[in-house]
Amino acid sequence: MPENVMSHPPGDPEEEEAISFRFLELLKDRAVKDNNYAVRREALLTLVKEYSDSEDIFELIKERAVKDSHYSVRKTVLQEMARLWKERPGTLSLVREMALEDFNYEVRRAAIKELAENWKHAPETLELLRDWAENSKDKFVRSTALQELSRCWGKNCCSLDFIIRRVVEEKDGFVRAVAIQSVAKYWSKEPEVLQLVRDKALNDEHYSVRSEALQALAEKWPCKDEILPLIKERAVKDDHYSVRGAALQELANGWRNDPEILEFIRDRCIHDEDNMVRGTAVALLAFLWPEEPGTFELIMEKAVSDEHYSVRKNAMEELAKVWHEKPETLGLIRDRLLNDEDNFVRITAVQELAKIWHADKGTLPLIKEIALKEKDEFVRDAAVREIIDGWQDEAVKNKFLKRLV
């Protein structure tokens, strides 16, 4: 019998220690050298879980937080450091450093969030975030600092004058949108705030600010006489489709019981020049007014006649979700599968038939026909996949599985 087995019987502490050492060394090696970032990340998480009391592991984690080549590894390691070692010397300074200097914006954002969450009561944290919100050269740092100031300190984060300056003087539109959100949330009772938000809804050059301002007006001042007309006007006249879509959403959320709003959204569903806005209107009508006379018929029409494939696709999905028990819906989806000019619409039709009308006697033969005879390869492959995934008959599966090879 070999000597090593003789000298280390099963359960021997020395053998267990040797195995544990080899396991630790393997994890450390994978955490640093593996070519796959997901493997490095999982190895580091295992080291954190199993060896959090080790000074060597803490130092390795600190190093990887700065030096790993993939942002998701650095971000994960940063979050684990803040969770487990926030009291250790060096952790706070490293988090601050990463908030400003990491070359990936997601890591910088994560560092600021961890700083606000885990060192909220440190005397310098609030002042540091205020300084970053106003003076950082990085727009992601400014926006995240503003968000965390609002989230963690509420109205105590800063003065009204400070936040108004961020709304007025900030150069980046997305950061101004964050400032609008904060000023409306905590200072809506101040007279100058309503006027400021109203002006931004109408005149700010960036679409995200106008959208955020409209949402704030609808949420904080819905009873003011001028708010509803203003939002309706923006739903038609704003130059950017996302602002018009946001206005429709706010009208539906805040005034859904007003008959004029239903008619207004129907009009936008038909006449807005942008497919995204028409698609938003389709979804709102199906979700909020499915029982209203004319809603089903309008969405049927959009599924067939809208000039943009995405609206036809959205309308078809809403019909399948909300009105799948109506025989007209099944007929329309079969028709779209056979006759729509866009392959995305037809792929969706295949998927909806297989999902919702799986048991209908006409579904499998139709999808088989598409799988065998369809000229568009993407539609054909979608039909084959639905047959393989959805029907248990092995003979059927085997016949069509060959077509994917």
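Right above here is the structure, for reference.
These lines cover the structure that appears in this document, whether it is placed above or below.

Conventions adopted
Residues numbered from 1 in each chain as written. Predicted model: local features only at pLDDT ≥ 70, side-chain atom pairs only at ≥ 80, totals over all residues. Heavy atoms only, no water. Helix = DSSP H or I, 4+ residues; strand = E, 2+ residues; numbered from the N terminus. Rg over C-alpha atoms; globule rule 2.2 N^0.38 Å. Buried < 20%, exposed > 50% of the residue type's maximum accessible area, 1.4 Å probe, protein only. Contact = heavy atoms within 4.5 Å. Axes fitted to C-alpha atoms, helices over the stretch in contact; angles between N-to-C directions. Parallel < 35°, antiparallel > 145°, perpendicular 65-115°, else oblique. Nonpolar A, V, L, I, M, F, W, Y, C, P; charged D, E, K, R; others polar. Salt bridge = Lys/Arg side-chain N within 4 Å of Asp/Glu carboxyl O. Polar contact = N/O pair within 3.5 Å; in protein donor to acceptor, adjacent residues only side chain to side chain. Expected span 1.5 Å × (residues − 1).

Helix and strand counts for the protein chain come out as 24 helices and 0 strands. Over its C-alpha trace the protein chain gives a radius of gyration of 29 Å, far above what one expects of a compact globule, namely 22 Å for 405 residues. Seen through its C-alpha atoms, the protein chain measures out along the principal axes to roughly 80 × 75 × 30 Å. The buried share of the protein chain, reckoned over its 405 residues, is 48%. Look at the contacts in the protein chain between residues 6 or more apart in sequence, and 60% of them connect residues 24 or more apart.

So, about the packing of helix 6 (residues 91-101) against helix 8 (residues 123-135). Contact geometry of helix 6 with helix 8 gives a least axis separation of 13 Å together with a crossing angle of 10°. Looking at the two axes, helix 6 sits roughly parallel to helix 8. Only Glu-124, Leu-128 and Trp-132 of helix 8 make contact with helix 6, whose side of the interface consists of Leu-92, Arg-96, Ala-99 and Leu-100. Among the residues forming the contact of helix 6 with helix 8, the class breakdown is 5 nonpolar, no polar and 2 charged.

Looking now at the pattern of salt bridges. This structure, assessed with the given rule, holds 42 salt bridges. In this structure, Asp-34 engages Arg-30 in a salt bridge whose closest nitrogen and oxygen atoms are separated by 2.8 Å. With a relative accessible area of 15%, Asp-34 lands in the buried category. For Arg-30, a relative accessible area of 29% translates into the label partly exposed. Note that Asp-340 is salt-bridged to Arg-336, the shortest N-O span being 3.0 Å. In this structure Asp-340 comes out as buried when scored by relative accessible area, which is 4%. Several salt bridges converge on common partners, so that one network encompasses Asp-29, Arg-30, Lys-33 and Asp-34.

Before going further, it helps to examine the side chain of Asp-172. For Asp-172, the location among the structural elements is in the loop between helix 10 (160-169) and helix 11 (173-186). Residue class for Asp-172 comes out buried when judged on its relative accessible area of 15%. Of note is the side chain of Asp-172, whose polar atom sits 3.0 Å from the backbone nitrogen of Phe-174. Within the local environment of Asp-172, its side chain forms a polar contact with the backbone nitrogen of Val-175, the two atoms lying 3.1 Å apart.

Next up on the list: the environment of Trp-255. Within the secondary structure layout, Trp-255 lies in the loop between helix 15 (241-254) and helix 16 (259-271). On the basis of relative accessibility, which here comes to 14%, the residue Trp-255 falls in the buried class. Between the alpha carbons of Trp-255 and Ile-270 there is a distance of 20 Å; along the sequence they are 15 residues apart. Once residues lying within four places of it in the same chain are set aside, the contact partners of Trp-255 are Ala-218, Pro-222, Ile-227, Leu-228, Ile-231, Glu-250 and Ile-261.

The next subject is helix 16. Taking 1.5 Å per residue, 13 residues should reach 18 Å; helix 16 reaches 19 Å between its end C-alpha atoms and fits that length. Taken together, the buried positions of helix 16 are occupied by Ile-261, Leu-262, Phe-264, Ile-265, Arg-266, Arg-268 and Cys-269. Check the buried side of helix 16 and you find it contacts helix 14 (227-237), helix 15, helix 17 (275-288) and helix 18 (295-305). Taking the backbone nitrogen of Glu-260 as reference, a side-chain oxygen 2.9 Å away marks Asp-258 as the first, capping residue of helix 16.

By themselves, these figures tell us nothing about what the structure is for.
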